[in-house]
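# Structural description and commentary
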Amino acid sequence: MAGGNERSVKALKEVWKRAENSLCADCGKPDPDWASSTLGVFICLSCSGIHRNIPSISKVKSLKMDYWDDAQVQFLAKHGNAVTKAIYEAHIPIYYYQPTYNDCQVLREQWIRAKYERKEFTEPGKQLPYSDGVKEGILWKRGRDNGQFLPRKFLLSEREGCLKYFTKQDAKEPKINVKIDVINATFQPEKIGNPNGLQITYLKDNKTRNIFVYHESGKEVVDWFNAIRSVQFHYLKVAFPIASDNEIKNRLTRNFLKEGYMEKTGPKQREAFKKRWFTLDHRRLMYFKDPLDAFAKGEVFVGSGENGYGVQKGLPSGTQGNFSWHYGITIVTPDREYLFTCETETDQLDWIRAFTSVINQAMTPQEYAIEAYFKFKS
C-alpha cells in the first residue's frame, strides 16, 4: 500500500477488510484489491480494466500500490460495496443474468455498463431494451452447411412464445420457428471466434440443434440474451403459476457444464477411438465432429447414481480399440459402458468432476421421460 499518512493507510485497511468488501462488487471474485474512488466499490483486477474504459463514470486505483488521500478513504468508508449496490442494483429484473468472474468479457462489461453508465437498475419499472416482450433485429448467423456468417432477421415474441429467424428481410415465413420453452442460450466467444458470439440451442424432435450468431455490438447481443430470458420467465410464470420466481429463474438459460475434445470408441469397444467435440448440457452428453456443427452425431444420457449410472477413471482392462490419448474415462449406464480418452490428466479429472456432479443429483420426472426416450431410441 503505497504512500499516504499512517492514519489514512490504517483507515483504508479497515474499510477494505469489511465483510461486504471481501468480494468484487461486480463479479463476486474473492479478495478484490482495486477500488473505484468515484463509485466507492471494491473490485477485482479484471473488472477494474472495464471500469477504466468508462473514465467519465469511474476512476480506479490499486489498494496496494496507489496513494489514497484522506478524502478518498472517507468516500470509500461512506460507501463500500453494500451501499453502492443498494443504489445501482436496487431494481434488477429477476430474469436478468448477473455474470460472475467465470463469465466472458462481453457479459461482464455490459453488466458493469448497465449498472453504472446506463443506470438501468436504479428506478422501479424502468423501460429496458430487453423487457418489452418483443425484440426484432439483425444477427449474423453461421450457415449450417457453408459455415459463412450472414445477416439474418430474428424475431422474439412473448405473445407468440417463440423465436423466429428469416433468411430475407422481407420474407413472410420464417426459416425456423422455435418455442421459447425449449431454447437455451450460452455465450461462446472462443468457439465462435467472435467476442460477442452467442450459441442458441433448442430441441427438435428431442434432438439438440445449434445456431451460432454474433452482433458487432456487445450491448445488442447481451440485450438479446436477456430478452430471451425475459420471455422465457414470463412464459414459465404462466405455465407454472404456483412456482416461485426463484424456481423459475433457475430454469432459464444455463451454461454448459463442460465442453472440449475427447476420443470415443463405438458400442463394440473394438473400433478405433475417434476425436470428437463433446458438450455436457446437464444430463445430455453430445458429441460433434466439429465444435460448430448444427447437429450432434450422437448423444448419451447421463442419469443419477441411484439409477445405475456412474463414472470411472480409466478404461476396462483389455480394451481393444486403438487410441492416441491415454487418460481414460468410463461412463457406466444400466445398458452399456461408454469409453472415452482425454489428452491430459487435467482434462480427465475435469470431465470426471463434471460427470460426478450430474450423477450425484436425483433425477426429475422430466428427466425420467428423457431417459425413456433415449432407451427407446437405442
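None of the values given here were measured: they were computed from a predicted structure. (Residues numbered from 1 in each chain as written. Predicted model: local features only at pLDDT ≥ 70, side-chain atom pairs only at ≥ 80, totals over all residues. Heavy atoms only, no water.)

Here we come to the UniProt feature "domain: Arf-GAP" (unreviewed entry) in the protein. The positions that UniProt labels "domain: Arf-GAP" (unreviewed entry) are, in the present scheme, residues 6–129. Span residues 6–129 is 40% helix and 6% strand, its end C-alpha atoms 48 Å apart. (UniProt positions renumbered as here; feature names shortened; annotations may be inferred. Helix = DSSP H or I, 4+ residues; strand = E, 2+ residues; numbered from the N terminus.)

On domain assignment, one finds that the protein holds domain 1 (6–117), domain 2 (134–249) and domain 3 (258–376). Each of domain 1 and domain 3 has a C-alpha centre, and these two points are 41 Å apart. (Domains from an automatic or database assignment.)

Scanning all chains against the criterion turns up 20 aromatic pairs. Aromatic pair Tyr-88 and Tyr-116: ring centres 5.1 Å apart, planes at 70°, arrangement edge-to-face. Placement of the pair is Tyr-88 in helix α4 (residues 80–88) and Tyr-116 in helix α5 (residues 105–117), with a sequence separation of 28 residues. Like Tyr-88, the residue Tyr-116 is buried in the burial classification. Measuring from ring centre to ring centre gives 6.5 Å for Phe-278 and Trp-351, while their planes differ by 80°; the resulting arrangement is edge-to-face. (Phe/Tyr/Trp six-rings, centres within 6.5 Å; stacked < 30°, edge-to-face > 60°. Buried < 20%, exposed > 50% of the residue type's maximum accessible area, 1.4 Å probe, protein only.)

A word on helix α9 (residues 345–359). The first and last C-alpha atoms of α9 sit 21 Å apart over 15 residues, in line with the 21 Å expected at 1.5 Å per residue. If you check which residues of α9 are buried, you get Gln-348, Trp-351, Ile-352, Ala-354, Phe-355, Val-358 and Ile-359. One side of α9 holds all its buried residues, which, seen down the axis, span an arc of 165°. Exposed residues on α9 whose side chains face more than 90 degrees from its buried face are Thr-346 and Arg-353. The secondary structure elements touched by the buried residues of α9 are β11 (258–264), β12 (274–281), β13 (284–288), β15 (310–313), β16 (327–332) and β17 (337–342). (Expected span 1.5 Å × (residues − 1). Arc of directions from axis to C-beta. Contact = heavy atoms within 4.5 Å.)

Our focus in this paragraph is the pairing of β17. Taking burial as the measure, the six residues of β17 include five buried ones, the bulk of the element. Bridge analysis of β16 against β17 gives six bridges, and the strand direction is antiparallel. Each residue of the ladder has a partner; that of Thr-330, found in β17, is Leu-339. In this structure, the hairpin formed by β16 and β17 is closed by a connection of four residues. (Pairing = 2+ DSSP bridges.)

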